[in-house]
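# Observations on the three-dimensional arrangement
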Amino acid sequence: MIFNQLMIFGNELLHMLSSPVNILILFGSVLMGIIFGALPGLTATLGVALLTTLTYGMDQGMALTALLGVYVGGVYGGSYSAILINIPGTAAAAATALDGYPLALKGEGGRALGLTTTASAIGTFIGMFFVVTLSPVISQLALNFTSFEFFLLALFGIIISGTLTSQDLVFKGWISGLIGLFLAMIGRDLLQSYPRFTMGLINLDGGLDVVPVLLGAFGIPQIIQVLKEDNESSEAQSIGKVFPDFRTIAKNIPHIVRSALIGVGIGAVPGIGEDIAGWVSYGAAKNSSKHPETFGKGEVVAVISTETANNACIGGAMIPLLSLGVPGSPPAAMLLGALMLHGVQPGPMLSIDHPTFILQITAILLLASAAMWICGIYLSKQVIKILRIPTQVFMPIIAVLCVIGSYALGMRIFNLYLMLPIGILAYTLTEMEYPIAPLVIGVILGPMADSSLRRALMVSEGSFMPIFQRPVALTLLIIILITIFSQTKFMKMFFESISKLFKKKPAA
Amino acid sequence: MSEKKKLRESDFITSLVLIIFSIWELITSFGMPMTESYAGVNNVWYVAPSLLPIFIGVCLFGLGIALLINSIRTGGARSLITRFRRDGNADKKISEGTINLLLILVALCSFVYLVIPRIDFFLSITNFLFFFIASFYFQDLKFKRQYGLAYSLGMLIFAILVISGAFGVLNSLFRYTFDVVFLIAILVQIFTVRKIAVRLGIKDRFRVSWIVSLATPALLVPVFRYLLLVQLPREGGIILLMNLLYYAIK
């Protein structure tokens with residue numbers, strides 16, 4: 001069985017490597033992803049969203065190569081601007097800036113980039129390993145899921161995403177998720193075709209298209225935020241030679257393994273994503289360090305840990321995406337939309353409908369991590385020149401790309417009319433510290449939540465008892481309730497008083 | 001005023017918006033068939049299309065109330081009302097951030113709602129990019145304000161022509177009337193802004209602005225039109241010329 005899988009994996013790799021067009025697309029998309037990640041204001045999610053439109057007409061394999069290439073490159077690319085100008089290109093690289101920039105100031109920018117490149121490649125590789133081992137197992141388990149489990153899974157994704165990504169009040173995250181759920185309700189419902197919240201507009205009968213919503217939610221707020229501040233671009237530090245410091249990498253293998261596990265674990269939780277993985281890994285590295293006071297002053301362990309984690313998170317995010325159809329991060333949410341456009345429905349049936357799909361994804365991730373390493377080590381100086389492009393020049397171009405990206409997929413001008421108000425709503429919510437990831441998760445998982453709930457109740461004839469009779473459903477319900485009630489003041493005070501009981505009293 | 005205080009003030013407003021929205025949502029949801037028959041099918045509550053919308057509405061209402069209570073408890077509501085009473089009649093200076101925001105919204109909204117559906121796509125992009133890039137890249141507040149006002153006025157006039165029906169009438173006389181008008185407007189913008197750029201000593205930034213404004217659609221339009229075979233929103237005079245050239249070469 002394992003031998004069979006290895007043979008198929010090897011075949012997929014050979015098939016990809018044997019096509020020069022595939023190699024070109026792989027390197028091109030990884031480079032595009034690195035540029036997107038490096039430029040502050042652009043994100044891997046936006047890169048995947050824009051490429052979804054461009055790859056729509058492509059063969060499925062090529063399209064997947066391009067999308068995963070830009071995803072992997074985009075998450076890694078954030079380290080460039082984090083190290084060189086102390087402005088993380090993506091939120092995932094925010095923790096990298098803390099120690100990466102001081103390294104650049106010491107004249108070790110090339111070494112820092114070499115370390116982040118190698119650490120990111122290793123992180124992607126480890127994440128890929130977990131995708132291929134865990135996804136089929138979870139898919140098998142999920143084949144026993146009924147509609148109640150899927151409804152609770154969707155709800156869990158929204159609640160946990162809202163809880164963990166909210167920087168202000170936790171219920172702002174839940175509000176964001178519920179707004180996303182509401183947006184998913186617009187249009188004719190899947191079971192009875194009743195028009196909901198369409199306000200008589202025929203164009204809304206089909207609901208909101210995912211790509212314009214995501215472009216609006218991720219692209220427009222960035223454009224507004226970056227240009228509203230209208231700062232001159234910072235001067236990047238010079239880097240000298242970028243070299244892979246394998247000796248330092250070898251010395252820090254325990255940190256790499258720990259960070260990769262953190263990245264995969266956090267990626268597997270719906271809707272959270274690479275930025276949280278980076279910070280948690282940074283915190284874990286600092287707490288486990290014998291010299292935590294060196295963190296923030298150019299500590300290489302910090303840089304290695306954050307970059308390994310945020311790239312391992314890619315693999316982690318793919319696990320629930322492929323096995324359950326629940327995206328583990330915002331770029332994975334965009335990938336879900338792209339996969340559905342190509343006729344692939346991620347979820348428990350994936351292994352049955354497309355038996356070699358997971359292995360294909362694994363092969364692409366492996367090649368993407370290799371391509372990312374090559375581009376990072378040998379093309380970094382060219383990519384750094386891109387950082388000199390003023391934001392006032394490339395942000396309007398990004399606006400045009402968002403417009404054409406929203407329009408091109410369905411060739412509907414109405415998508416443009418939708419994209420802008422959603423973008424302005426997302427900007428307003430971001431300004432008031434509402435996280436956008438739960439909104440996106442709500443939009444993506446809303447149809448699944450709606451149809452699953454009604455199908456479940458149809459089968460049980462209106463009874464919720466099956467939730468208490470099925471272990472997975474009951475577990476999900478308990479986790480959801482704990483997540484919600486643990487945020488209330490009463491429960492926080494309760495947990496504080498419990499923890500005080502276990503704290504040692506100081507000696508008199 | 002601290003950032004936290006401003007946040008709590010905005011929480012007060014958003015909580016009210018959220019409560020009103022959730023009430024509207026619930027009223028609309030209860031108007032959907034719950035037990036009546038729809039399309040020949042007898043409904044029951046647990047299959048009704050309003051099931052999840054009601055759940056969403058109730059949760060949003062509850063969270064809106066929680067947000068309202070929090071903003072009152074943390075002083076956000078009181079602070080907002082006091083500030084409104086104190087500053088309500090005072091002359092307010094518009095900050096640069098607000099000007100930037102207004103410019104961005106004018107540029108984006110006019111581009112999406114007004115220009116793209118009616119003007120050749122190549123010219124739409126060129127016009128949008130040139131205004132957007134020049135306004136911000138020149139890094140001159142006075143120029144930004146003046147250009148923004150002039151652009152907004154131009155778009156307002158265009159909107160009036162569209163709403164009044166004059167746009168349709170003029171375009172029916174000659175199909176590319178407004179494409180020609182926009183082309184002239186773009187050229188006027190370029191020449192006027194060039195003079196200002198020379199005066200400000202930023203000719204290099206002007207050069208970047210007009211080159212990017214022309215190069216971007218020159219690259220994007222052929223890629224989407226001839227490579228990806230996407231029919232563009234409005235294929236006017238410029239794209240017609242590009243088609244003639246493309247098919248002549250092909």
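Residues numbered from 1 in each chain as written. Chains lettered and ligands numbered in written order. Predicted model: local features only at pLDDT ≥ 70, side-chain atom pairs only at ≥ 80, totals over all residues. Heavy atoms only, no water.

## Describing the overall build of chain B
Stated formally: Helix and strand assignments come from DSSP, with helices taken as H or I runs of at least 4 residues and strands as E runs of at least 2, each series counted from the N terminus. For the accessible areas, the method is Shrake-Rupley and the probe is 1.4 Å, while residue cover comes only from the protein chains on display. Under the counting rule used here, the positive set is Lys and Arg, the negative set is Asp and Glu, and His together with the chain ends is not counted. Just so you know, the charge point we use is NZ for Lys, CZ for Arg, CG for Asp and CD for Glu.
On a plain count of helices and strands, chain B comes out with 10 helices and two strands. Shown N-terminal to C-terminal, the secondary structure of chain B runs as helices and strands in the order α-β-β-α-α-α-α-α-α-α-α-α. Reported as C-alpha extents along the three principal axes, the dimensions of chain B are approximately 65 × 60 × 35 Å. When the accessible surface of chain B is totalled, it reaches about 13,200 Å², and 69% of it is carbon and sulfur. For chain B, the centre of its 25 positive side-chain charges and the centre of its 13 negative side-chain charges are spaced 7 Å apart.

## A word on the pattern of salt bridges
Inclusion rule: Salt bridges, as used here, are contacts in which a Lys or Arg side-chain nitrogen is within 4 Å of a carboxyl oxygen on Asp or Glu. Exposure classes here rest on a 1.4 Å probe applied to the protein chains alone. A residue is buried below 20% of its type maximum, exposed above 50%, and partly exposed in between.
Under the definition given, this model contains 15 salt bridges over all chains. Between Arg454(A) and Asp189(A) there is a salt bridge whose closest N-O contact spans 2.8 Å. One end of the pair, Arg454(A), is in helix 20 (residues 437-459); the other, Asp189(A), is in the loop between strand 1 (187-188) and strand 2 (195-196), and 265 residues separate them in sequence. The same class applies to Arg454(A) as to Asp189(A), namely buried. Each of the salt bridges in this network shares a partner with another, and the network as a whole consists of Asp168(A), Lys172(A), Lys4(B), Arg8(B) and Asp11(B).

## Points about unusual backbone geometry
With phi around 50°, Met199(A) is a residue other than glycine that occupies positive phi space. Overall, the relative accessible area of 63% leaves Met199(A) in the exposed class. Phi is positive for Leu229(B), which is not a glycine, with a value near 55°. Residue placement: Leu229(B) occurs in the loop between helix 9 (203-227) and helix 10 (237-249).

## Remarks on a nonpolar patch on the surface
All names here are of chain B. What counts here: Here a patch means residues that are over 30% exposed by relative accessible area and free of salt bridges, tied together within 9 Å if like-charged and within 5 Å if nonpolar (Val, Leu, Ile, Met, Phe, Trp, Tyr).
Together, Leu 170, Leu 173, Phe 174, Val 180, Ile 184 and Val 188 make up an exposed nonpolar region whose accessible area comes to about 570 Å². Only helix 7 (166-173) and helix 8 (177-200) provide two or more residues apiece to the nonpolar patch. Tallying contributions element by element places helix 8 first for the nonpolar patch, with three residues. Position of Leu 170 relative to the elements: it lies in helix 7.

## Notes on the state of the cysteines
Counted only if it meets this: Any two cysteine sulfur atoms lying within 2.5 Å of each other are counted as a disulfide.
Applying the stated criterion to the full structure yields zero disulfides over all chains. Cys402(A) supplies the cysteine sulfur nearest to Cys109(B), a cysteine that is in no disulfide, at a spacing of 14 Å. With a relative accessible area of 28%, Cys109(B) lands in the partly exposed category.

## Some thoughts on the interface of chain A and chain B
Just so we agree on the cut-off: We call two residues contacting when some pair of their heavy atoms lies within 4.5 Å. By definition, the buried area sums, over both parts, the 1.4 Å-probe accessible area that each loses when the two are put together. We define a polar contact as two N or O atoms separated by no more than 3.5 Å, with the added condition that, inside protein, one atom must be a possible hydrogen donor and the other a possible acceptor, whereas residues neighbouring each other in sequence contribute only through side-chain atom pairs. Gly falls in the polar group here, along with every residue not listed as nonpolar (Ala, Val, Leu, Ile, Met, Phe, Trp, Tyr, Cys, Pro) or charged (Asp, Glu, Lys, Arg).
Across the boundary between the two partners, chain A contributes 64 residues, which contact 68 residues of chain B. Of the roughly 5,700 Å² buried at the junction of chain A and chain B (both faces included), carbon and sulfur atoms supply 79%. When the buried area of chain A at its contact with chain B is split by residue, Gln192(A), Tyr194(A) and Phe197(A) rank highest and sum to 11% of it. Viewed at the interface, chain B and chain A are joined by three salt bridges. Between Asp11(B) and Lys172(A) there is a salt bridge, with the nearest N and O atoms lying 2.8 Å from each other. Here chain A is connected to chain B by nine residue pairs in polar contact (both at pLDDT 80 or more). Elements that contribute at least two residues to the side of chain A that touches chain B include exactly helix 3 (44-54), helix 7 (147-165), helix 8 (170-185), strand 2, helix 9 (210-229), helix 18 (391-408), helix 19 (413-431) and helix 20 of chain A. With 11 residues, helix 18 of chain A is the single largest residue contributor to the side of chain A that touches chain B. Classifying every residue of the side of chain A that touches chain B gives 44 nonpolar, six polar and 14 charged.

## Observations concerning the nonpolar core
To keep things clear, this is the line we draw: We define a nonpolar core as any set of buried Ala, Val, Leu, Ile, Met, Phe, Trp, Tyr and Cys residues linked to one another through side-chain atoms lying within 4.5 Å.
Tyr71(A), Ile175(A), Ile223(A), Met318(A), Ile398(A), Phe128(B) and Phe158(B) are the most contacted members of the largest nonpolar core, which totals 226 residues. Each residue touching Phe158(B), except ones within four places of it in the same chain, is listed here: Leu114(B), Val115(B), Arg118(B), Ile119(B), Phe167(B), Phe178(B) and Phe182(B).

## A closer look at the confidence of the model for chain B
All names here are of chain B. The condition that has to hold: Across the chain, each position has a pLDDT score giving the predictor's confidence in that residue, from 0 to 100.
Averaged over chain B, the pLDDT score is 89; the fraction of residues at 70 or greater is 96%. The least confident element of chain B is strand 2 (residues 41-42), whose mean pLDDT is 70; the most confident is helix 5 (residues 121-137), at 95. The complex prediction reports pTM at 0.87, with the ipTM value standing at 0.91.

## Quick look at the packing of aromatic side chains
The condition that has to hold: Here the aromatic set is Phe, Tyr and Trp, taking the six-membered ring for Trp, and pairing holds for ring centres within 6.5 Å; pairs whose planes are under 30 degrees apart are stacked, those over 60 apart are edge-to-face, and all others are tilted.
Overall, the coordinates contain 30 aromatic pairs over all chains when judged by the stated rule. For the pair Tyr282(A) and Phe295(A), a centre-to-centre distance of 5.7 Å together with 80° between the ring planes defines the contact as edge-to-face. Remark: Phe295(A) occurs in the loop between helix 12 (274-288) and helix 13 (300-324) and Tyr282(A) occurs in helix 12; sequence separation between them is 13 residues. In this pair, the class of Tyr282(A) matches that of Phe295(A), namely buried. Between Phe143(B) and Tyr147(B) the ring centres are 5.4 Å apart and the planes differ by 45°, which places this aromatic pair in the tilted class. Taken as a pair, Phe143(B) and Tyr147(B) lie in helix 6 (residues 141-164) at a separation of four residues, close to a single helical turn.

## Examining the side chain of Ser161(A)
Topologically, Ser161(A) is positioned in helix 7. Those residues in contact with Ser161(A) that sit more than four places away from it in its chain are Phe156(A), Pro270(A), Gly271(A), Ala437(A), Pro438(A) and Ile441(A).

## Describing the environment of Leu365(A)
Residue and element names in this part refer to chain A. Position of Leu 365 relative to the elements: it lies in helix 16 (residues 357-378). Between the alpha carbons of Leu 365 and Val 131 there is a distance of 9.7 Å; along the sequence they are 234 residues apart. Sequence-distant contacts of Leu 365, that is, excluding residues within four places in its chain, are made with Leu 68, Val 72, Thr 124, Met 128, Val 131 and Ile 314.

## Quick notes on the packing of helix 4 (residues 60-84) of chain A against helix 13 of chain A
Residue and element names in this part refer to chain A. We count it as follows: Helix axes use the C-alpha atoms of the stretch in contact, all axes being lines fitted to C-alpha atoms, and the angles between their N-to-C directions lie in the range 0 to 180 degrees. Oblique is the label for any angle not covered by the other classes, which are roughly parallel (under 35 degrees), roughly antiparallel (over 145) and roughly perpendicular (65 to 115). Put simply, a crossing is left-handed when the front helix is turned counterclockwise from the back one by less than a right angle, and right-handed when it is turned clockwise.
Closest axis-to-axis distance for the helix 4/helix 13 pair is 9 Å, and the angle between their directions is 155°. In terms of their interaxial angle, helix 4 and helix 13 are classed as roughly antiparallel. Between helix 4 and helix 13 lies a crossing of right-handed hand. Along its contact with helix 4, which presents Leu 68, Tyr 71, Val 72, Val 75, Tyr 76 and Ser 79, the element helix 13 presents Glu 307, Asn 310, Asn 311, Ile 314, Ala 317 and Met 318. Classifying every residue of the contact of helix 4 with helix 13 by side-chain character gives eight nonpolar, three polar and one charged.

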